[in-house]
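Commentary on secondary and tertiary structure
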Amino acid sequence: MLEPVFGIWAASLLGAIVSSAGAEPASSSPADRAARTRVQTVARAFEPGDVTIFEGPFRRAAEANAAYLLRLEPDRLLHRFRLFAGLTPKGPVYGGWEQMGVSGHTLGHYLSACARQFAVTGDERFRERVRYIVQELAEIQAHRSDGYVGAIPEGDRIFAEVARGDIRSAGFDLNGGWVPWYTVHKLFAGLLDAHLLAGEPRALEVARRLGDWAIGVTSRLTDEQWQRMLACEFGGMNESLAHLYVVTGEARYLELARRFHHRAVMDPLERGVAPLAGLHGNTQVPKVIGAAVLYEVTGEPRFRVISRTFWEAVVRYHTYAMGGHSDHEHFGPPGRLRDRLSTNSAETCNTYNMLKLTRHLFEWAPSAELGDFAERALYNHILASQDPATGMVCYYMSLQPGTSRPYSTPFDSFWCCVGTGIENHTRYDEHIYFRGGDDTLFVNLFVPSELRWRGRGVTVRQETRFPEEAATRLRFTCESPVELTLRVRRPWWLAGAMRLSVNGRVVRAEQGADGFVSVRRTWRTGDVVRIALPMGLHTDPMPDDPNRVALMVGPIVLAGDLGPVAGPAPVVPVFVSGGRPPSAWVRPVRGQPLTFVTRGVGRPADVTLTPFFQTHHRRTSIYWDLFTDAEWRQREAEVRAEEARQRELEARTVDVVRIGEMQPERDHNLQGERTYAGEGQGRRWRHAVNGGWFSFEVEVDPESPVDLVLTYWGSDAGGRTFDILVDGQRIATQTLNNSHPGRFFDVVHPLPDAVTRGKARVTVRLQAHPGQTAGGLFGCRVVRRR
């Protein structure tokens, strides 16, 4: 039996929430909402509260996160909402990003996290927080006349200019504001979750008024103005507006959702092409989730094509072994990951959103490939992104060998990945079980948990210590005998036969084209299914270098312990494995589950390996270079020379500006006129056209001479003459005219001592000559002079 898709909200959940809230909202009934979907689904996730997770790493992460949620004070998150509405704040503002241009985004995530925590656990403390915040937002909104509510600095000015069609963006801002639609989307999502997961009808009213305000802001924009505006990150505005339509039945919200359609990205995806290189990763994933919701609501095939094309491109060509993607927040060339390992690899927001997109795709067409990705990402990225001792979370996952990953602070970070992070650890129930109509149960993940399928009177208890145990058991309790097809994912990493037995007797399980094995029978209380899941050591190579590999056991990425965070950077070993499989040179440590050591292959030393998700506050590596004896003898000298060169360069480096990337440019106070950013040859660039300019601040050494190193593409030509100024003093004039065809080149500018002496920072400005272009600039580094 096929059932209507609801994205994250199923009809039964809506009905249950309405009942618990005591009254049906004025918008519509659950049946009416179901009628507003146009797509039939093969599978559907169970509702929050139907699945309980037992003792294990996911349960511990959820509990640490819940404790942190209760440490946060709603009045402090509401500070700027009240301040910018002309009301007196009730608590001091938090630090970090909550004092910056994206302030307010955390509140939306916090609403979603608390609403989901209540729905999953029934803990009233979280619903009380949701209720209080919604009441405050309603009061703030009522204090205004236009329906807007927000904490965006200069939000009124920005959106007033947008409404007039005055739209300006340098790529990562809108009229001088930091991604304002992105921030609005977080509030929309939080309000809708507050309504549907915590039963707060006033949250829907606030969301409706905010939706009407958004319609008013954009109602006069031309298509060209829309597309110019959408070049700036807008989160999942299309997703939330489509959900608002489903909840209210008001078509104007669906029409606005359709307008948040960024053609520069969506049109190629609709054609089955994914030119992602150089694009900001987490700008794209939420808009594709919005396309997935629009497919469910409208049934238009193009939205499904967009969603699937994007997912396949990201997972197959841009994803690391641990399930994350992006380096310095951007996609690189497809299938080229070998040299994209840095301290800013694998932004956690991206994986949060990829898991949401995966769930949509799984509901349309379940497959082991989708389940494999969810498993990889949850164990190796989401679990690994949280410090289990404090509940603090990571922005990036630092895949640069020999580094550690830093965590947020409780009250002075509030990065984007703190917002998604506090949601991540409330959502572990989402990918474990799915139902296919009334007669099929999908078991997608091997997590100790209990499913209560109320509609069929079935409880399934999954008992396992996976991944420490290479097996799981499913124990059935049935109100009455029930005929069901049990479908269990056959994971990609199996090291032997996947064996199923029912009540001690081996059964012949049929594997479908979707990668799930099936057993159909009449189930009774006391039935036990045992599933053997043999795991072995194996490598996961880089797509562009089979000799740079991650070591894994089953689905678990292993990290090599390279020492404490404090102290000098370690020498990262290589493994002279001679082409042998890892089982020949990696041995388990007796009495320590999932702990291994390399034996006799490490140069200069062997290493201890433990799960990446269990390794915190240590220097680690998850990628290793493999050599034969002959290759190592040939390469050792050049490898050590290159390592020395890199260490020498890093030692001399005072500052690096990653041109064209959002956060680094903000950190370096980018300014400019008629300036734009883009991607070429797999790298980001920035230029200024028609006599324009751009500038940024860089650190210098006030005591030592420094050089400014600027990187260009040698094939650039045609009207590219510009001055380079440092603190207003012209130090050079540069012309780009195909001087180094087909390669990047550096120009070194020794900075005069008089310009840098006694200063910690200076401003570098590229000023185009009249009618000319400044750049493109592909990189900037300040180094101490030899």
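Keep in mind that this is a model prediction, so the values were computed, not measured.

A tally of helices and strands in the protein chain yields 22 helices and 35 strands. Computed over its C-alpha atoms, the radius of gyration of the protein chain comes to 27 Å, within 12% of the 28 Å expected for a compact globule of 786 residues. Judged by the C-alpha coordinates and their principal axes, the protein chain covers about 85 × 75 × 50 Å. Counting every position in the protein chain, which comprises 786 residues, the buried fraction comes to 62%. As displayed, the protein chain offers around 28,600 Å² of accessible surface, 49% of which is attributable to carbon and sulfur atoms. The distance from the centre of the 93 positive side-chain charges to the centre of the 90 negative ones in the protein chain is 2 Å.

Turning next to the sheet that holds strand β6 (residues 440-443). If you trace the 6 strands from one edge of the open sheet to the other, you get β3-β5-β6-β10-β14-β13, paired in mixed fashion. Among the strands making up the open sheet, the edge pair consists of β3 (44-45) and β13 (510-511). Summarising the sheet, β3 and strand β5 (residues 433-436) pair through 2 bridges and their orientation is antiparallel. Residue pairing for β5: A45 is matched across the bridge by F434.

A separate point is the side chain of E200. Here E200 shows up in the loop between α9 (180-198) and α10 (201-218). If near-sequence neighbours (up to four positions away) are discounted, E200 is found in contact with R127, V130, R131, A194 and H195.

Inspection of the entire model under this criterion finds 61 salt bridges. Between R60 and E55 there is a salt bridge; the shortest N-O distance is 2.5 Å. On the basis of relative accessibility, which here comes to 44%, the residue R60 falls in the partly exposed class. A relative accessible area of 53% places E55 in the exposed class.

With the rule as written, the count across this model stands at 37 aromatic pairs. One aromatic cluster in this structure is built from F58, Y379, Y428, F446, F466, W493 and F613. Over the ring of W693 we find R765; its NZ or CZ atom is 3.9 Å from the centre of that ring.

Our focus in this paragraph is the environment of T409. Tracing the sequence through the fold places T409 in the loop between α18 (368-382) and α19 (416-424). Sequence separation between T409 and V314 is 95 residues; the distance between their C-alpha atoms is 30 Å. Residue contacts for T409: discarding those within four places in its chain leaves Y68 and M392. Polar contacts involving the side chain of T409 include one to the main-chain amide nitrogen of D412, which spans 3.4 Å.

Moving on, we get to the sheet that holds strand β7 (residues 449-453). The antiparallel open sheet is built from 7 strands, whose spatial order is β4-β7-β8-β9-β15-β11-β12. Edge positions in the sheet fall to β4 (51-53) and β12 (505-506), since each of these pairs with one other strand and no more. Relative to strand β8 (residues 458-463), β7 runs antiparallel, the two being bridged by 5 bridges. Of the residues in β8, the one forming a bridge with R452 is T459.

Inspection of every chain in the model, using the stated rule, returns 0 disulfides. For C232, which is in no disulfide, the shortest distance to another cysteine sulfur is to C416 and amounts to 14 Å. By relative accessible area, which is 2% here, C232 ends up buried.

Another point: the nonpolar core. The biggest cluster of nonpolar side chains holds 202 residues, and the ones touching the most others in it are L137, W181, M229, F260, F310 and W523. If we skip the residues at most four places from it in the chain, W181 touches F159, L174, W213, A214, V217, T218, M229, F234, M237 and F260. L670, V698, Y712 and L766 belong to the second largest nonpolar core, which has 30 residues in total.

Mapped onto the secondary structure, V574 falls in strand β19 (residues 574-576). On the basis of relative accessibility, which here comes to 5%, the residue V574 falls in the buried class. On a C-alpha basis, the gap between V574 and H687 in space is 40 Å, while along the polypeptide they are 113 residues apart.

Atom-level detail of predicted coordinates should not be read off regions where pLDDT is low. Averaged over every residue, the pLDDT of the protein chain is 93; residues scoring 70 or more account for 95%. Confidence over residues 1-27 falls short of pLDDT 50; this stretch has 79 contacts with residues more than four positions distant or in other chains.

This paragraph deals with the packing of helix α16 (residues 301-317) against α18. Running from N to C, α16 and α18 cross one another at 55 degrees; their axes reach a closest spacing of 12 Å. Here α16 lies oblique to α18, going by the angle between them. Note that α16 runs across α18; the crossing there is left-handed. For the pair α16 and α18, the contacting residues are R308, W311, V315 and R316 in the first and E369, L370 and F373 in the second. In the contact of α16 with α18, the residues fall into 4 nonpolar, no polar and 3 charged.

Further remarks concern unusual backbone geometry. Following R603, the chain continues to P604 via a peptide bond in cis, the omega torsion being 15 degrees. Structurally, P604 is set in the loop between β22 (602-603) and β23 (608-611). The step from G775 to G776 runs through a cis peptide bond, and the omega angle for that step is 5 degrees. Mapped onto the elements, G776 comes out in strand β34 (residues 774-777). With a phi angle near 90 degrees, S326 is a residue other than glycine that sits in the positive phi range. The topology assignment puts S326 in the loop between α16 and α17 (348-364). Residue E329 is not a glycine yet carries a positive backbone phi of 75 degrees. Locating E329 in the fold gives a position in the loop between α16 and α17. Overall, E329 belongs to the buried group, its relative accessible area being 2%.

We now examine the pairing of strand β18 (residues 556-564). Counting buried residues in β18 gives 7 out of 9 residues, a clear majority hidden from the surface. Pairing between strand β17 (residues 545-553) and β18: 2 bridges, direction antiparallel. Following the sheet pairing, V553 is matched in β18 by I556. The hairpin formed by β17 and β18 contains 2 residues between the paired strands, and G554 there has a positive phi angle of roughly 60 degrees. Where β18 and strand β24 (residues 618-621) come together, 3 bridges link them in antiparallel fashion. Paired with G560 across the two strands is S621, which belongs to β24.

The subject of this paragraph is α9. Counted at 1.5 Å a residue, the expected span for α9 with its 19 residues is 27 Å, and the 26 Å between its end C-alpha atoms agrees. The buried fraction of α9 amounts to 18 of the 19 residues, a majority that puts the element mostly inside the structure. With its phi angle positive at about 65 degrees, G199 sits one or two positions after the end of α9.

One can describe the packing of α17 onto α19 by two numbers: an axis separation of 8 Å at closest approach and a directional angle of 40 degrees. As the angle between them shows, α17 and α19 are arranged oblique. As for how α17 packs across α19, the hand of that crossing is left-handed. Of α19, the residues touching α17 (which contributes T348, C349 and Y352) are C416, C417, T420, E423 and N424. Broken down by class, the residue content of the contact of α17 with α19 amounts to 4 nonpolar, 3 polar and 1 charged.

Quick notes on the rules
- Residues numbered from 1 in each chain as written.
- Predicted model: local features only at pLDDT ≥ 70, side-chain atom pairs only at ≥ 80, totals over all residues.
- Heavy atoms only, no water.
- Helix = DSSP H or I, 4+ residues; strand = E, 2+ residues; numbered from the N terminus.
- Rg over C-alpha atoms; globule rule 2.2 N^0.38 Å.
- Buried < 20%, exposed > 50% of the residue type's maximum accessible area, 1.4 Å probe, protein only.
- Areas by Shrake-Rupley, 256 points an atom, 1.4 Å probe, with all protein chains shown as cover.
- Lys, Arg positive; Asp, Glu negative; His and termini not counted.
- Charge placed at Lys NZ, Arg CZ, Asp CG, Glu CD.
- Pairing = 2+ DSSP bridges.
- Contact = heavy atoms within 4.5 Å.
- Salt bridge = Lys/Arg side-chain N within 4 Å of Asp/Glu carboxyl O.
- Phe/Tyr/Trp six-rings, centres within 6.5 Å; stacked < 30°, edge-to-face > 60°.
- Lys NZ or Arg CZ within 6 Å of the ring centre and 35° of its normal.
- Polar contact = N/O pair within 3.5 Å; in protein donor to acceptor, adjacent residues only side chain to side chain.
- Disulfide = S-S within 2.5 Å.
- Core = buried A, V, L, I, M, F, W, Y, C linked by side-chain atoms within 4.5 Å.
- pLDDT = per-residue confidence, 0-100.
- Axes fitted to C-alpha atoms, helices over the stretch in contact; angles between N-to-C directions.
- Parallel < 35°, antiparallel > 145°, perpendicular 65-115°, else oblique.
- Left-handed = near helix turned anticlockwise from the far one by under 90°.
- Nonpolar A, V, L, I, M, F, W, Y, C, P; charged D, E, K, R; others polar.
- Expected span 1.5 Å × (residues − 1).

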